[in-house]
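Analysis of the macromolecular model
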Amino acid sequence: MDIVDMDIRQWDVNDVKEQFGDSLTLLPPNDNIKELQTILRDKNTTRSDFKFYADRLIRLVIEESLNKLPFTDCEVVTPTGALYKGLKYGSGNCGVSIVRSGEAMEQGLRDCCRSIRIGKILVESDNDTHEAHVVYAKFPEDIARRQVLLMYPIMSTGNTVKQAVNVLTQHGVKEERIILSNLFCTPAAAQAVVDYVPKMKILTSELHPVAPNHFGMKYFGTD
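So, here's what we can say about the structure. On a predicted model such as this, the values are computed, not experimentally measured, just so you know. (Residues numbered from 1 in each chain as written. Predicted model: local features only at pLDDT ≥ 70, side-chain atom pairs only at ≥ 80, totals over all residues. Heavy atoms only, no water.)

Now for helix 2 (residues 31-41). Among the residues making up helix 2, those that are buried are Ile33, Leu36, Gln37, Ile39 and Leu40. Looking straight down helix 2, one finds that the buried residues subtend no more than 160° of arc, so they occupy a single side. Where helix 2 is buried, its residues meet helix 3 (47-66), strand 10 (184-185) and strand 12 (206-207). The backbone nitrogen of asparagine 32 lies 3.1 Å from a side-chain oxygen of the residue at the head of helix 2, namely asparagine 30. (Buried < 20%, exposed > 50% of the residue type's maximum accessible area, 1.4 Å probe, protein only. Helix = DSSP H or I, 4+ residues; strand = E, 2+ residues; numbered from the N terminus. Arc of directions from axis to C-beta. Contact = heavy atoms within 4.5 Å. Polar contact = N/O pair within 3.5 Å; in protein donor to acceptor, adjacent residues only side chain to side chain.)

Below, the structure written as structure tokens:
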């Protein structure tokens with residue numbers, strides 16, 4: 001079998017800014033993140049190692065995604081009686097995972113936001129036309145008033161995400177209140193989603209024309 005050279009254009013923060021404006025943010029690159037991405041792409045990575053390192057990368061992406069949520073000023077009194085001026089999350093945040101691979105990111109979100117509510121969307125693609133359609137959605141009743149972290153680790157074409165956003169907007173969620181938390185994204189998918197929902201924020205760890213589409217099967221042990 002031919003080996004495909006994957007040393008393709010490396011996107012940096014400036015490239016992303018020029019191409020996608022403020023709609024897409026690339027996780028600040030470093031050697032630690034590159035190692036995690038390498039392990040997840042390596043066909044020889046065992047399932048237990050894959051899940052361990054995937055969870056590490058998920059946590060980094062979730063943490064950075066949380067930085068995009070609105071904060072408000074607050075004051076607290078320290079144990080020494082001093083007054084401290086700080087920040088707290090604005091009320092009304094929730095997560096929504098796109099089943100099934102998006103469910104891999106749920107624990108990472110709960111680890112950061114212990115009591116956060118999480119909804120689900122199931123999107124399936126037609127075997128013949130490859131057109132995506134939603135078959136199931138369950139959200140908090142007041143989701144229209146919430147900031148939404150939409151979780152989907154691999155975005156190859158953007159079709160699934162676009163359908164998921166359609167369902168959220170049909171339930172009253174405004175585009176600008178949605179943040180897509182993503183691990184791996186192709187430039188074509190990023191462009192398709194940015195063009196479709198320009199007010200939604202996207203955060204990803206990598207832009208690369210070849211997405212690791214084995215992610216969900218490897219993570220859940222169904223490969």
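As enumerated under the stated definition, the model contains 10 salt bridges in all. Note that lysine 51 is salt-bridged to aspartate 55, the shortest N-O span being 3.3 Å. Of this pair, lysine 51 and aspartate 55 both sit in helix 3, 4 residues apart, roughly one helical turn. Given the relative accessible area of 29%, lysine 51 is considered partly exposed. (Salt bridge = Lys/Arg side-chain N within 4 Å of Asp/Glu carboxyl O.)

This brings us to the packing of aromatic side chains. Taken as a whole and assessed by the stated rule, the structure comprises 6 aromatic pairs. Taken together, a centroid distance of 5.9 Å and an interplanar angle of 35° make the contact between tryptophan 11 and phenylalanine 20 tilted. The residues tryptophan 11 and phenylalanine 20 share a single accessibility class, namely buried. Relative to tyrosine 53, the ring of phenylalanine 52 lies with its centre 5.0 Å away and its plane at 90°, an arrangement referred to as edge-to-face. Here phenylalanine 52 falls in the partly exposed class, since its relative accessible area comes to 49%. Put simply, the rings of Phe50, Phe215, Tyr219 and Phe220 pair up and form one aromatic cluster. When the ring centre of phenylalanine 220 is taken as reference, the NZ or CZ atom of arginine 100 above it lies at 4.0 Å. The residue whose ring lies beneath lysine 162 is tyrosine 196, and the NZ or CZ to ring-centre distance is 5.3 Å. (Phe/Tyr/Trp six-rings, centres within 6.5 Å; stacked < 30°, edge-to-face > 60°. Lys NZ or Arg CZ within 6 Å of the ring centre and 35° of its normal.)

Purely spatial values, then, with no claim about function.
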